[in-house]
Amino acid sequence: MAHSRDMQVEVRSSLWINIVVEQPAGAPKSDRSWRTLLSDWFLRRDQQPASDAEASEALLLGVLGWCDEHYRDVLPQFGNTLYLADVDADGRPTITEKMDPAIIEALPTARSLLGEEATPIPVVSKSELRVQAISGTFFLPQTRLVSYDGKALVAKGPASAARAVDDLREAVNLSSLQSGCPHPNTILPPTALVRLSDDDDKICGFLIPFYENGNLDSYARKLRREDKLTSDILWAWFRQLVSATKFLIDAGIWHGDIKPDNIVVDSSGAVVMIDLATAKKRGILEVPAHWTVAAIEKSEVYSIGRTLFFVSEGIAMEDIYSNPENSQASQTFFTDASPTPADLRDLTMACVKDDPYNRPSLQDLASSYLE
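Within each chain, residues carry numbers counting from 1 in the order of the written sequence. In view of the model being predicted, local features appear only for residues whose pLDDT reaches at least 70, and side-chain atom pairs are presented and counted only at 80 or more, with totals across whole chains, interfaces and linings using the full set of residues. Note that water and hydrogens are dropped before the side-chain values are worked out from all heavy atoms of the structure.

**Some remarks on empty space enclosed by the protein**
Right, so step 1: A 1.4 Å probe that fits into a set of points on a 1 Å grid over the protein atoms alone but cannot get out defines a cavity; an open set with protein on both sides within 12 Å along at least five of seven lines defines a pocket, and lining residues are those with an atom within 4 Å of a point. Grid points are joined across faces, edges and corners, and a volume is the space filled by probe spheres set on the points. Here the structure, examined in full by the defined rule, presents 2 cavities of 30 Å³ or more.
Right, so step 2: The calculated volume of the second largest cavity comes to roughly 40 Å³.
Right, so step 3: Surrounding the second largest cavity, Leu 216, Leu 234, Trp 237, Phe 238, Leu 241, Ile 304, Thr 307, Leu 308 and Val 311 form its lining.
Right, so step 4: In this description a helix means any DSSP run of H or I spanning at least four residues, a strand means any run of E spanning at least two, and both kinds are numbered starting from the N terminus. Those elements giving two or more residues to the lining of the second largest cavity turn out to be α7 (231–250) and α8 (293–313).

Structure representation (structure tokens):
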């Protein structure tokens, strides 16, 4: 069986795409092929001999040059991955663009994904989408800004074969959750499901609204840099998060991953909760039936408090991910120089108390701040 390693390249300062480097089975450890040079550069570049390091960087520049030439006018199609198959003696790479076969194998049909009782969702072909790039936006390999029917939308697909059905289930969660009276601070139902092609009805993604202000992580830090992040804005965001989370809990849904980069900001400056792929329902989607609503609520309250801490203090989520040893990655505290208003500091600390029983409930927060 062939092995592979992934690398990522940036496209148009806003999109990232995976490049899979196939490693043939049975290759000797002493093989000094281009694959080994690339692997050593990614895994142990500080230990590479100077000559190998130069050769590795030349290979990378060749790959990046190929991408620059081939995607100058047309961007990689939604859902596709690049495969680096070979590099010739002159350093010219052979790269193909296609969807990961393992993901294709794991994709469900619309019928199996939605079930018989689900709210019907329109279906469009992947070939109808045109990938776009807008400076200042950021999309991971499984998401793309696309144009469809004259509108800018976000196409979202599975991150891996193992997560294919779970990731696509977000479309079902959104459709059923927002089928009645949509909540203004949770993302709207999908515009459509995306099938592989006109001849293949497997579902490879779905379309959701695009929010030009981006996620709360980057938007809050932008306002902070411009000296526009006021106490009123922070309080408004807090109330909107409480309202959205209570809406989910009242519907029996536990988001389970509330954080600044899972929240976007609409054109009015209000927050909108996204990424319901991880959302779970008591007794159905992996949340044990014996867990009480109160216990689930307190974990969500903690996440709201942490979110408020990150955005009010101007802490970038990228810094948290890249440096897990950072004390702010696991602790919530304010220094004397904190820019966060005192009343918000007190509220934040109440939400993140170590003992969940000492945290306010969502109903407490709603009664105190929403009414």
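**Concerning the packing of aromatic side chains**
Right, so step 1: Aromatic rings from Phe, Tyr and Trp, taking only the six-membered ring of Trp, are treated as a pair when their centres fall within 6.5 Å; an angle between ring planes under 30 degrees marks them as stacked, one over 60 as edge-to-face, and anything in between as tilted. As enumerated under the stated definition, the model contains 7 aromatic pairs in all.
Right, so step 2: For the ring pair Trp 66 and Tyr 71, a centre distance of 5.9 Å and an interplane angle of 75° mean the geometry is edge-to-face.
Right, so step 3: With 5.4 Å between their ring centres and 35° between their planes, Trp 235 and Tyr 369 make a pair best called tilted. Pair noted here: Trp 235 is in helix α7 and Tyr 369 is in helix α11 (residues 362–369), with a separation of 134 residues, a long-range link.
Right, so step 4: Partly exposed residues are those whose accessible area sits between 20% and 50% of the maximum for their type, while under 20% is buried and over 50% is exposed, using a 1.4 Å probe and protein chains only. Taking relative accessible area as the criterion, Tyr 369 reaches 29% and is therefore assigned partly exposed.
Right, so step 5: Three or more aromatic residues joined by ring pairs form one cluster here, namely Trp 235, Phe 238 and Tyr 369.
Right, so step 6: To sit over a ring, a charge needs its Lys NZ or Arg CZ within 6 Å of the ring centre and within 35 degrees of the ring normal. Geometry around Tyr 83 places Lys 98 over its ring, the cationic atom sitting 4.9 Å from the centre.

**A look at the environment of Leu 145**
Right, so step 1: Tracing the chain through its elements places Leu 145 in strand β7 (residues 143–148).
Right, so step 2: Residue classification places Leu 145 among the buried residues on the basis of a relative accessible area of 1%.
Right, so step 3: A sequence separation of 13 residues divides Leu 145 from Gln 132, and the C-alpha atoms of the two residues are 5.4 Å apart.
Right, so step 4: The residues contacting Leu 145, other than those within four sequence positions of it, are Arg 130, Val 131, Gln 132, Ile 134, Phe 139, Ala 152, Leu 153 and Phe 210. By definition, residues are in contact when any of their heavy atoms lie within 4.5 Å.

**So, the pattern of salt bridges**
Right, so step 1: Only one rule defines a salt bridge in this text: a Lys or Arg side-chain nitrogen within 4 Å of an Asp or Glu carboxyl oxygen. The tally for this structure, following the rule as stated, stands at 12 salt bridges.
Right, so step 2: A salt bridge links Glu 170 to Lys 156, with the nearest nitrogen and oxygen atoms 2.9 Å apart. Note that Glu 170 is positioned in helix α5 (residues 164–177) and Lys 156 in strand β8 (residues 151–156), a separation of 14 residues in sequence.
Right, so step 3: A salt bridge links Glu 226 to Lys 228, with the nearest nitrogen and oxygen atoms 3.7 Å apart.
Right, so step 4: The class of Glu 226 is partly exposed, set by a relative accessible area of 36%.
Right, so step 5: Of the residues examined, Lys 228 reaches a relative accessible area of 46% and is grouped as partly exposed.
Right, so step 6: In this structure, a network of salt bridges that share partners links the residues Asp 88, Asp 90 and Arg 92.

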